[in-house]
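Listed below, chain by chain, are the residues.
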Amino acid sequence: MYAAAPGDIYARDPHEADLCHTASHPDWFYLGGLVALDAGSIWLGSSDTIKYAGSVELRLAGPVMIGLTWGATVGGAWLALPKCSPNWVGESPREGGVGSSVPLALSLAILAGVTAPIVNGIAVGPLPTSWSTLESQMHLVAAGVAGFAGALLPYVIPPRTWAAARELEHLRFDVSDRGEPFVGYVGTF
């Protein structure tokens, strides 16, 4: 006798119900933090202090800041959206998860890498004529690479919705009809 039927769609214990409640609402603090970081990096990265600094490294810090935070917003906004219905807790089949988040993560990272130089160009405005062509090109490259990396950063520092949904996918605790504890961990192989 199985402790839980494969088609069960409800939270089986208070821990799962709490995780599903967390995953079923947007993480507004995470989204607000990303927007605040965007505003701060655009303000600082486009300031005349950075734009006209004597050091090339400092002048390149602006596009890196803007690209990194823009990428984090592009990659993290989707992760902070609801990932669970409060009334339906889905689970992977016994043979493991059939879906992967890697294709979407790479797609969002590429999107962030392509759009970060545009956001940087809008924020910084006209470039000084004293800059060399190489330095102007490096501003595009630095913003693009930082945008790509920034879009992957939310997978390292995830919002509560994503973390709770990932834990729901993997953990299953239950007690059989005979009172025996049942612990299941789902993983791909």
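See the structure above.
Everything numeric in this text was worked out from a predicted model, so none of it was measured.

Draft legend 1. Structural detail: the packing of helix α4 (residues 56–79) against helix α5 (residues 102–124). At a minimum axis distance of 8 Å, the contact between α4 and α5 shows a crossing angle of 140°. Of the possible angle classes, the one that applies to α4 and α5 is oblique. Remark: the crossing between α4 and α5 carries right-handed chirality. Facing Gly62, Pro63, Ile66, Gly67, Trp70, Gly71, Val74, Gly75 and Trp78 of α4, the residues of α5 in contact are Leu104, Leu108, Leu111, Ala112, Thr115, Ala116, Val119, Asn120, Ala123 and Val124. In the contact of α4 with α5, the residues fall into 13 nonpolar, six polar and no charged.

Draft legend 2. Region of the structure containing the pattern of salt bridges. Overall, the coordinates contain two salt bridges when judged by the stated rule. A salt bridge links arginine 59 to glutamate 135; the nearest nitrogen and oxygen atoms lie 2.5 Å apart. With arginine 59 in helix α4 and glutamate 135 in helix α6 (residues 133–152), the pair connects residues that are 76 residues apart, well separated along the chain.

Draft legend 3. Local environment of α6. Taking 1.5 Å per residue, 20 residues should reach 28 Å; α6 reaches 30 Å between its end C-alpha atoms and fits that length. Among the residues making up α6, those that are buried are Glu135, His139, Ala142, Ala143, Gly144, Ala146, Gly147, Gly150 and Ala151. Contact partners of the buried residues in α6: α4 and α5.

Cut-offs used in this document
Note on numbering: residues in each chain are counted from 1, in written sequence order. It should be noted that, the model being predicted, local features are given only for residues of pLDDT at least 70 and side-chain atom pairs only at 80 or more, the latter also being counted only at that level, while totals for whole chains, interfaces and linings use all residues. Side-chain figures throughout are based on the complete set of non-hydrogen atoms in the structure, without hydrogens or water. Every axis in this analysis is a line fitted to C-alpha atoms, fitted for helices over the stretch in contact. Angles between the N-to-C directions lie between 0 and 180 degrees. A run of DSSP states H or I qualifies as a helix once it reaches four residues; a run of E qualifies as a strand once it reaches two. Both are numbered from the N-terminal end. For classification purposes, angles smaller than 35 degrees are called roughly parallel, those larger than 145 roughly antiparallel, those between 65 and 115 roughly perpendicular, and all remaining angles oblique. In this scheme the crossing of two helices becomes right-handed for a clockwise turn of the near helix relative to the far one and left-handed for an anticlockwise turn of less than a right angle. Note on contacts: a residue pair qualifies if any of its non-hydrogen atoms lie within 4.5 Å across the two residues. Residues are grouped as follows: Ala, Val, Leu, Ile, Met, Phe, Trp, Tyr, Cys and Pro are nonpolar; Asp, Glu, Lys and Arg are charged; every other residue, Gly included, is polar. Each salt bridge in this description consists of a side-chain nitrogen of Lys or Arg and a carboxyl oxygen of Asp or Glu lying within 4 Å of one another. One less than the residue count of a helix, multiplied by 1.5 Å, gives the span that helix is expected to have. Accessible area is worked out with a 1.4 Å probe on protein chains only. A residue is then buried under 20% of its type maximum, exposed over 50%, and partly exposed in between.

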